[in-house]
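Chain by chain, the residues:
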Amino acid sequence: MNKISRREFLGKSAIRLGSALIVSQIPLDLKAAKKAGLLKMPVGFQVWTVRQQLIKDFPGTLKMMAGLGYESMEMCSPPGYESSGFGPLMKLTAKEMKKIINDAGLICPSSHYGFGELKQNLEERIAFAKEVGQTQMVLSSFGLSDKSTISDWQKAADELNKIGVKVKDAGLQMGYHNHHGEFGTIDGTLIYDVLMKQFDPDLVKMQFQVAVISIGYKASTYFTKYPGRFVSAHLADWSPVKKSEVPIGQGIVDWKEFFATLDTGGVKNIFVEMGQDTFKPSADYLHNL
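Thresholds applied
Residues numbered from 1 in each chain as written. Predicted model: local features only at pLDDT ≥ 70, side-chain atom pairs only at ≥ 80, totals over all residues. Heavy atoms only, no water. Helix = DSSP H or I, 4+ residues; strand = E, 2+ residues; numbered from the N terminus. Buried < 20%, exposed > 50% of the residue type's maximum accessible area, 1.4 Å probe, protein only. Polar contact = N/O pair within 3.5 Å; in protein donor to acceptor, adjacent residues only side chain to side chain. Contact = heavy atoms within 4.5 Å. Phe/Tyr/Trp six-rings, centres within 6.5 Å; stacked < 30°, edge-to-face > 60°. Lys NZ or Arg CZ within 6 Å of the ring centre and 35° of its normal.

A.B. asks: Can you break down the side chain of Ser232 residue by residue, with the values?
C.D. replies: By secondary structure assignment, the location of Ser232 is in strand E9 (residues 230-235). Among the residues examined, Ser232 registers a relative accessible area of 0% and is labelled buried. A polar contact is formed between the side chain of Ser232 and the side chain of Gln207, at a distance of 3.0 Å. In this structure, Ser232 is in contact with Gln136, Met206, Gln207, Phe208, Val267, Lys268, Asn269 and Phe271, ignoring residues within four places of it in sequence.

If you want it as structure tokens, here you go:
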């Protein structure tokens, strides 16, 4: 099984934004941009690819992203992502984080969490999520290796089902984020299908990573195959010619088909997650779709 992580897929694509881009953006008239489009939900972004700026200047980075046309964001839990550099943000209380996010003109309906913190400090993380204003808590990865068996995946899914019970009782939705690895096979069986069978449809919804188009899997196919099983999606586009990610609308993803199947899938939020140079053209495309 060839498992490719989100970090590997993003690779070298996280290019620094020039200072002119940061200071010169004029906020979009978002309501006008949506007046006749297919887009029925806020345009969001995942903070992972702007993490270096985010850690140095949390308020400024969020205002920059709002200026590029983004209305919502998906956080990475600072304690769960401490080893990835998010540690400095642990000094912020949930109330302080929410104020900074809202002052930038953004909302934060979702965050990624690590498996360890969910298993060890679930009540505390639920309280944090609710105070920040999140409605969804998404597990970013089980952390399983390429040598893991079907049974290993099933056991991990069962653990998340149990976590999902407490998350639901708190009024939130548990989610699971796929990487490329879940579209590998073990003994001819697609891991993603195993998870969809093992997860309780009510307790654990899926966050679909559109980036798997690079290995031949379309989000719309799965929204149709598993109706109502999704809570959000990470948006990315892919050029088979360049063999790299490209801004939304410049690659092979059929975005009209994608948005036409969102309701079927049950998707509530979308978050662009690509290199920084793609953020502005991606937001422009989505607002004018």
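Now that the structure is up, let's keep going.
A.B. asks: Can you lay out the packing of aromatic side chains for me, pointing to particular residues and giving the numbers?
C.D. replies: For the structure shown, the criterion picks out 27 aromatic pairs. For the pair Trp255 and Phe259, a centre-to-centre distance of 6.4 Å together with 45° between the ring planes defines the contact as tilted. Here Trp255 pairs with Phe259, and both are found in helix H12 (residues 255-260), just four residues apart, close to one helical turn. For the pair shown, Trp255 and Phe259 are each scored as buried. Among the aromatic side chains, those forming a connected cluster through ring pairs are Phe183, Tyr192, Phe208, Tyr217, Tyr222, Phe223, Tyr226, Phe230, Trp255, Phe258 and Phe259. Taking the ring centre of Trp48 as reference, the NZ or CZ of Arg51 above it sits at 4.0 Å. The ring of Phe128 carries Arg125 above its face, with NZ or CZ at 4.5 Å from the centroid.

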